[in-house]
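Summary of the model geometry
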Amino acid sequence: MSIIDNKKAFHDYFIEERFEAGMVLEGWEVKSIRAGRAQIKEGYVVIRSGELFLFGAHISALQTASTHVNPDPVRTRKLLMKGEEIKRLIGKVERAGYTLVPINLHYKGGRIKCEIGLAKGKKQHDKRDTERERDGQREIAKVMKQKRR
């Protein structure tokens, strides 16, 4: 079940592969995410010394859940994946010119997971093509809906 989606990632990038990673979170962050007070639109994933980190994700603190701590809404969060998967990602990111973007946050087995996309950037004309395709699909759906009536 998806909590938050990053629609901007699909607009700005071609998503080649998807990976699922666990997140190291504090208690107040979990409560805020469950309340829907998170945003990953500006987030990106970086590999440092063989570990994955999520930068730029904004998790707003709830007033009731963070009374005794001084929360930092945009702190760096560590992502958890198996070592073999991380090594594969390192190879693709360094050699092939890919980047890692967070696609969504979702629940799995009661835990919050982050879906990461191995992405290649879109050029401006690619973005326009995507919008044109989407508009065409919308027009077709509209006509089909009218014909059913």
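Residues numbered from 1 in each chain as written. Predicted model: local features only at pLDDT ≥ 70, side-chain atom pairs only at ≥ 80, totals over all residues. Heavy atoms only, no water.

Details of the nonpolar core
- Judged by nonpolar contacts, the single largest core of 24 residues is most densely connected at Leu-52, Leu-79, Met-81 and Ile-116.
- Within the residue set of this core, elements represented by two or more residues are β2 (13-23), α2 (27-34), β5 (51-55), α3 (83-96), β8 (99-108) and β9 (111-121).
- Element by element, the count of residues in this core is highest for β9, at four residues.
- For Leu-79, the residues in contact, after removing those within four places along its chain, are Ala-21, Gly-22, Met-23, Val-45, Leu-52, Leu-54, Cys-114 and Ile-116. (Core = buried A, V, L, I, M, F, W, Y, C linked by side-chain atoms within 4.5 Å. Buried < 20%, exposed > 50% of the residue type's maximum accessible area, 1.4 Å probe, protein only. Helix = DSSP H or I, 4+ residues; strand = E, 2+ residues; numbered from the N terminus. Contact = heavy atoms within 4.5 Å.)

Some points on unusual backbone geometry
- Despite not being glycine, Ser-49 shows a phi value in the positive range, around 45 degrees.
- Of note, Ser-49 is situated in the loop between β4 (44-48) and β5.
- On the accessibility criterion, Ser-49 (72% relative accessible area) is exposed.

Let's talk about the side chain of His-106
- Inspection of the secondary structure puts His-106 in strand β8.
- Given a relative accessible area of 10%, His-106 falls into the buried group.
- Only 2.7 Å separates the side chain of His-106 from the side chain of Glu-20, close enough to count as a polar contact.
- Apart from the residues within four sequence positions on either side, His-106 is in contact with Met-1, Ser-2, Ile-3, Glu-20, Arg-111, Ile-112, Lys-113, Cys-114 and Glu-115. (Polar contact = N/O pair within 3.5 Å; in protein donor to acceptor, adjacent residues only side chain to side chain.)

Comments concerning the side chain of Glu-29
- Within the fold, Glu-29 resides in helix α2.
- Among the residues examined, Glu-29 registers a relative accessible area of 0% and is labelled buried.
- Setting aside residues up to four positions removed in sequence, Glu-29 forms contacts with Val-24, Ile-59, Arg-75 and Arg-77.

Some details on α3
- In a regular helix each residue adds 1.5 Å, so 14 residues correspond to 20 Å; α3 covers 20 Å between its end C-alpha atoms and thus fits that length.
- Within the span of α3, buried status applies to Ile-86, Leu-89 and Gly-91.
- Of the residues flanking the end of α3, it is Gly-97, one or two places downstream, whose phi is positive at about 75 degrees. (Expected span 1.5 Å × (residues − 1).)

A word on the packing of aromatic side chains
- Within this structure, the stated rule accounts for one aromatic pair.
- With a centroid separation of 5.6 Å and 15 degrees between ring planes, the pair formed by Tyr-44 and Phe-55 is classed as stacked. Within this pair, whereas Tyr-44 is found in strand β4, its partner Phe-55 is found in strand β5, the two being separated by 11 residues in sequence.
- Here Tyr-44 falls in the partly exposed class, since its relative accessible area comes to 42%. (Phe/Tyr/Trp six-rings, centres within 6.5 Å; stacked < 30°, edge-to-face > 60°.)

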